[in-house]
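# Observations on chain architecture
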Amino acid sequence: MFSNLPPVTKALLIANGLMFLLQFALGDATFYPFMLWPPGAESDPYAGYGFMPWQVLTYAFLHGGFAHLLFNMLTLLMFGAQIEHVWGPRRYLSYYLVCVVGAALCQLAVGFWNMSQGGEAYPTLGASGGIFGLLLAYGLLFPNQRVMLLIPPIPMKARTLVIIYGVVELLLGITGQQPGVAHFAHLGGMLFGWLLIRYWRGQPPFGRPKPPRPRLVR
């Protein structure tokens, strides 16, 4: 099955797997400069690192543990491959990277606000921003496709799954019930993915949808 995967999905799986092995072998501290740090983190004595431009991409190839990696890569495998077959490698990669960068920008804004309120600096890592963007794209491309939640194993339409994930992430982000998880980065990946799809389709706020062609009545 792996040999039949489309090229970008396969490359992302390999890259994330190799980076996780390097993290395991060299230790997380080696990769601190490549994790996403909020602006001003260098002034925090417990951080010692600050934001650098390359982090808006590199953070997405690092993970906080095997379960974190496994969930993201399973989702990439299940949904990303089908999206790449529809869009093709170039558009698919562009979309994924826009979601990753968009998630980073949202998380930077949240981190900056947290620092301004006297909070501690902490890094963000993981491919979840891009993965949540892929979930959104799948829900828009295949809204009525039946999918199965892992926990609990409940079948539902892809569109319903996307809505549930979006609402849960928003509630958890606002209430802070699950600290240590970058919920607003997940939402940022979905938001920027939604905006990019609307841009490609020429839909508001980027343009007006084309009116339907009139039908001839005979």
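Structure: above.
Scope of this entry: the structure provided in the associated data block. Just so you know, these numbers come straight off a predicted model, no measurement behind them.

Bringing the packing of aromatic side chains into the picture now. Evaluation of the coordinates by the stated rule reveals nine aromatic pairs. On the basis of an interplanar angle of 85° and a centroid distance of 5.5 Å, the ring pair of Tyr199 and Phe206 is categorised as edge-to-face. A relative accessible area of 43% places Phe206 in the partly exposed class. The structure contains a cluster of three or more aromatic residues connected by ring pairs, namely Phe79, Tyr138 and Phe142. Across the ring face of Trp200, the terminal group of Arg91 is positioned such that the distance to the ring centre comes to 4.1 Å.

This paragraph deals with helix H3 (residues 66-87). Between its terminal C-alpha atoms H3 stretches 30 Å, which fits the 32 Å expected from 22 residues at 1.5 Å a residue. For H3, the principal kink sits at Gly80 and spans about 35°. All of the buried residues in H3 are Leu69, Asn72, Met73, Thr75, Leu76, Phe79, Gly80, Ala81, Ile83, Glu84 and Trp87. Against the buried residues of H3 lie helix H1 (7-26), helix H4 (89-116), helix H5 (128-141), strand S1 (146-148), helix H6 (158-175) and helix H7 (183-201).

Cut-offs and rules
- The written sequence of each chain sets the order in which its residues are numbered from 1.
- pLDDT decides what is reported in this predicted model: residues at 70 or higher carry local features, side-chain atom pairs at 80 or more are listed and counted, and totals for whole chains, interfaces and linings draw on all residues regardless.
- With hydrogens and water set aside, each side-chain value is computed from the structure's full complement of heavy atoms.
- Each Phe, Tyr or Trp ring (for Trp, its six-membered ring) is paired with any other whose centre lies within 6.5 Å, and the angle between the two planes then decides the class: stacked below 30 degrees, edge-to-face above 60, tilted in between.
- Burial classes: relative accessible area under 20% of the type maximum marks a residue as buried, over 50% as exposed, and values in between as partly exposed (1.4 Å probe, protein chains only).
- Cation placement over rings: the criterion is NZ of Lys or CZ of Arg within 6 Å of the ring centroid and within 35° of the ring normal.
- Here a helix means four or more residues in a row that DSSP labels H or I, a strand means two or more in a row labelled E, and each is numbered from the N terminus.
- Any helix carries an expected span of 1.5 Å times its number of residues minus one.
- Take the seven residues that end at a residue and the seven that start at it, fit an axis to each, and the angle between those axes is the bend at that residue.
- Contact definition: two residues touch when any of their heavy atoms are within 4.5 Å.

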